[in-house]
Each structure stands twice: as C-alpha cells, then as structure tokens.
Amino acid sequence: MDGYLGVIVIVVVVALLAVGGLFLLFRPGGKAAPPAEPPETIAPPEEQRPPAAEEAEGATLPPPVKPAEPVVVPPEVEVPPPSAGRMVRLRSRLARSQSAFGRGLLELLSRDRLDDEVWDEIEERLITADVGVGPTRAMVEELRTKVKVLGSRTPDEVRGLLREQLLAQIDPDLDRTLHVQKHGERPAVVLVVGVNGTGKTTTTGKLARVLVGDGKKVVLGAADTFRAAATDQLQTWGDRVGADVVRGPEGGDPASVAFDATAKGIEEKVDAVIIDTAGRLHTKTGLMDELGKVKRVIEKKATVDEVLLVLDATTGQNGMRQAQVFAEVVNITGIALTKLDGTAKGGIVISVQRELGVPVKLAGLGEGPDDLAPFDPEVFVDAILGD
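Residues numbered from 1 in each chain as written. Predicted model: local features only at pLDDT ≥ 70, side-chain atom pairs only at ≥ 80, totals over all residues. Heavy atoms only, no water.

### What to know about empty space enclosed by the protein
Summed over all chains, the structure comprises one cavity of 30 Å³ or more. In this structure, the largest cavity encloses a volume near 40 Å³. If you go around the largest cavity, the residues you meet are Phe101, Leu166, Ile170, Gly346, Gly347, Ile350, Phe380 and Ile384. Every element with two or more residues in the lining of the largest cavity is listed here: helix H7 (155-170) and helix H14 (377-385). A breakdown of the residues in the lining of the largest cavity according to their chemical character gives six nonpolar, two polar and no charged. (1 Å grid on protein atoms, 1.4 Å probe; cavity = no way out; pocket = protein on both sides within 12 Å on 5 of 7 lines; lining within 4 Å. Points joined across faces, edges and corners; volume = space filled by probe spheres on them. Helix = DSSP H or I, 4+ residues; strand = E, 2+ residues; numbered from the N terminus. Nonpolar A, V, L, I, M, F, W, Y, C, P; charged D, E, K, R; others polar.)

In structure tokens:
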C-alpha cells in the first residue's frame, strides 16, 4: 500500500512540472531574448583615418617641418666722429700723463739761479722721458744759451723757451699726411706692421674708424693669420663701422689674404684697403721674407701707399730696437704711437722720429674706439706744458 502511494506522489510532481513548463513557454512576451548586437563602432575624424591601401601606395608624405632658425641680428653700424680736431678733444687725457714731466721742467727753468747741478737735473729729466741723449743735449745747450741772453726770466718766458725747444725737436714741418687717397679706380693700400702686443690689430681697427668718420669706404685685410684672435678682433672692428673684412684660414698664407683684400677693394671701388700683418719677430730673416712677400703680392694689384709702424710708447728703448728692425725690413712711412696717454715718457716721439727719420702720424690716447688721433705737434707740446 505504501509503495503505491509513493508512485502516485511522484507522478503528480512530474505532471505539475510539465504543466509549469508549458505555461512558461506559451505565456505572452515569453519569447527568447534576441542575441545582443555588437556595440556601434564610431568612425575616427577624417584627418585621423589611416589612408586606404590604394591611396597609400602612390601617396607622397609631406616633408618634415624644419625647426625655425634663430634670427641673427646684424650689429648696428656706428658713425665715428671725423678725424679733424680729435687730438684737441683728447688733449686732457694726454695732459694727465705728461704734465708732471712738463711741470718739472718749468719749475727747474724758473729757478733764480741755474747752475750746473740744475742743468744736469734738467738733462736727466729729459733723458728719463725717452727724449734720447742726442736731442736732450741739443735742447739743453740751446736753452742755456737763450737763458743767458734773457737774463731775468718770467714764467711766460720760461714756458715759451721750453715750448720752442720741444717743438723744434718734434719738427712740426714734417709731412704727417696719411696717404689714404684713392688713385682713380684704385684704392690706397695701407700696411700696418709691428710686434704683437703693441696694439697693432687694435690700431688697424681704429684707423678704419678714423677713415670711415671722414666719409671714406674701407676694406680690412686680416693677414695676421697666425693669431685666430687677431682675425676675430678685426672682424668685430669692421662690423662696427660697416667695413668688409677679408680673412683666410688660421695659419694660412698672409700674402694670399692681403692679395684678396686688395682685389676686393678694387672690385668694390673703396677708398682704402688696410692690411693687418703678422707681428712675429723670431728672426729678422723670417720677418723680412714674410713682409717682403706680402708687399710684392699686393703690388701685383696696387701700390702700397703707406706703411705704418705701430709702437707701444711705454716700452721705451725696447720699442726703439723693434723700430730699427722693422725699418731694415720695410720702407716705413709713418709711426703710430699707442698708449701715449699711459706713460710720462712722451719724449719717445722725439727719439723715434730722429732714429727712423719718419714722422709720428697717429697717436693712441686711450682705450676707447675713437681714441686714435692724427698727431698734432703743437697740441702735444701744449698738453705736456699745461695751460
């Protein structure tokens, strides 16, 4: 009996499950859910889409964009003052270094009694100022004679006597003209020579400013190829006044640079070509060969009108020996004395002219770019003696 009941229960349960399944199958909205669609793909913007295969095959990619090059601002071209009156304007600088020498001489000559001891002191002061032994003795002898003739002496008379003697030794009648006038279509050529360290390259640059200030057009030749600093220095000077600079490779042939500079000056019809030469002084023979070659090569194109020897006024007798060596090598036409404002030995003007037989044409009276002036004997002597 119990077995039949168990079978009946099982059958009932199965029947109920079957009915429930049919109900779920056929109820409204009971259909199976459709399969989920894949998410919509968003197309990239037009400029980001990769090129189609058929477009990419023949397409030319644009060249890469080069970075912007830095803008090089050319240096501002300066307008230097004219050469006229330069030494007058710079007189105060000269007087500061030379006036002690002049005042000392005036004080000695103004003494009531001029005995041999005083004259010896006067002579010593002149020699110490690098006037030179020969010019000093000539000056002292002339002064002694005139003092005896005058008898009593006023301060103005003493100053007049000394001024007269200094001017006579400097010789104001010497031709101090810088030969920088062009000859027809050919420019004047100026060779600047001297030992390194005397201010040779600086003087070359300052001379260019003097000429540009006078309205001339200039080309510079950097023929001191053995010093890279000299070439760069001259380039800076040229850039400041708008003068072209011809330069060559470091250690190159100086004569080649001088030739190219002269050729450029002729081509551009400038007024003057200024050549800065090498200043090595190892042996006289080597210097002679080098400077001689430079001059010969230039003369294939033009004439060398001026050879300026640059001397440092502070070197005294050592500078005189340098001057003698250069005078034997090249035909010097004039002297440029640098650092004349930094020494009380202005007498070198007298001694170097007497030794070389050529005039001082330029005087360096400071470190500024416009502190090179045409030498004026009267202004120089007045600066020594003071007002």
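Anyway, onward from the coordinates.
### Focus: the layout of surface pockets
There is about 220 Å³ of room inside the largest pocket. What lines the largest pocket is a set of 13 residues, and nearest its centre among them are Lys206, Thr338, Lys339, Gly366 and Glu367. A total of three residues in the lining of the largest pocket trace back to one element, the largest contributor, which is helix H8 (residues 200-213). Residue composition of the lining of the largest pocket, grouped by class: two nonpolar, seven polar and four charged. Taken as a whole, the second largest pocket encloses approximately 160 Å³ of empty space. In terms of lining residues, the second largest pocket is bounded by Ser83, Arg176, Thr177, Leu178, Val180, Gln181, Val210, Leu211, Asp214, Lys361 and Pro374. Here the residues of the lining of the second largest pocket sort into five nonpolar, three polar and three charged.

### Remarks on H7
With 16 residues, H7 extends 23 Å between its outermost C-alpha atoms, agreeing within 8% with the 22 Å of an ideal straight helix rising 1.5 Å per residue. Within H7 the residues assigned to the buried category are Val158, Leu161, Leu162, Gln165, Leu166, Leu167, Gln169 and Ile170. Those residues of H7 that are buried lie in contact with helix H4 (91-109), helix H6 (133-150), helix H13 (348-356) and H14. (Expected span 1.5 Å × (residues − 1). Buried < 20%, exposed > 50% of the residue type's maximum accessible area, 1.4 Å probe, protein only. Contact = heavy atoms within 4.5 Å.)

### Focus: unusual backbone geometry
For Lys269, which is not a glycine, the phi torsion comes out positive at approximately 55°. If you trace the backbone, Lys269 turns up in the loop between helix H10 (254-267) and strand E4 (272-276). Even without being glycine, Lys339 reaches a positive phi, approximately 60°. By the secondary structure assignment, Lys339 is in the loop between strand E6 (334-338) and H13.

### A look at the packing of aromatic side chains
The full count for this structure, using the stated rule, is one aromatic pair. Judged by centre distance (5.3 Å) and plane angle (50°), the rings of Phe375 and Phe380 are tilted. Comparing Phe375 with Phe380 shows no difference in burial state: the two are buried. The ring of Trp237 carries Arg240 above its face, with NZ or CZ at 5.6 Å from the centroid. (Phe/Tyr/Trp six-rings, centres within 6.5 Å; stacked < 30°, edge-to-face > 60°. Lys NZ or Arg CZ within 6 Å of the ring centre and 35° of its normal.)

### Side note on the sheet that holds E4
Strand order across the open sheet formed by eight strands is E3-E2-E4-E1-E5-E6-E7-E8, with mixed pairing between neighbours. Edge positions in the sheet fall to strand E3 (244-246) and strand E8 (372-374), since each has one partner strand and no second. Along the sheet, successive strands turn relative to each other by an average axial angle of 25°, direction set aside. Relative to E6, strand E5 (residues 304-312) runs parallel, the two being bridged by five bridges. Bridge assignment links Asp312 to a residue of E6, and that residue is Thr338. (Pairing = 2+ DSSP bridges. Axes fitted to C-alpha atoms, helices over the stretch in contact; angles between N-to-C directions.)

### Regarding the nonpolar core
Core analysis: the biggest nonpolar cluster contains 77 residues, and Ile122, Leu162, Ile275, Leu337, Leu340 and Phe380 have the highest contact counts within it. If you tally residues by element for this core, the top one is H4, at seven residues. Those residues in contact with Ile275 that sit more than four places away from it in its chain are Val189, Val190, Leu191, Val192, Gly221, Ala223, Ala258, Ala261 and Ile298. Residues Val190, Val218, Ile274 and Leu308 belong to the second largest nonpolar core, which totals 23 residues. (Core = buried A, V, L, I, M, F, W, Y, C linked by side-chain atoms within 4.5 Å.)

### Quick look at the pattern of salt bridges
If you walk through the whole model with that rule in mind, you get 22 salt bridges. For Lys146, the salt bridge goes to Glu164, with nearest N and O atoms at 2.5 Å. Residue Lys146 is found in helix H6, and its partner Glu164 is found in helix H7; the two are separated by 18 residues along the sequence. Note on Glu164: relative accessible area 40%, which makes it partly exposed. Among the ionic pairs, Asp224 bridges to Arg227, the shortest N-O distance being 3.4 Å. Here Arg227 falls in the partly exposed class, since its relative accessible area comes to 29%. Connected through salt bridges with shared partners, the residues Glu78, Arg86, Arg209, Arg240 and Asp370 form a single ionic network. (Salt bridge = Lys/Arg side-chain N within 4 Å of Asp/Glu carboxyl O.)

Nothing here speaks to function; it is geometry throughout.
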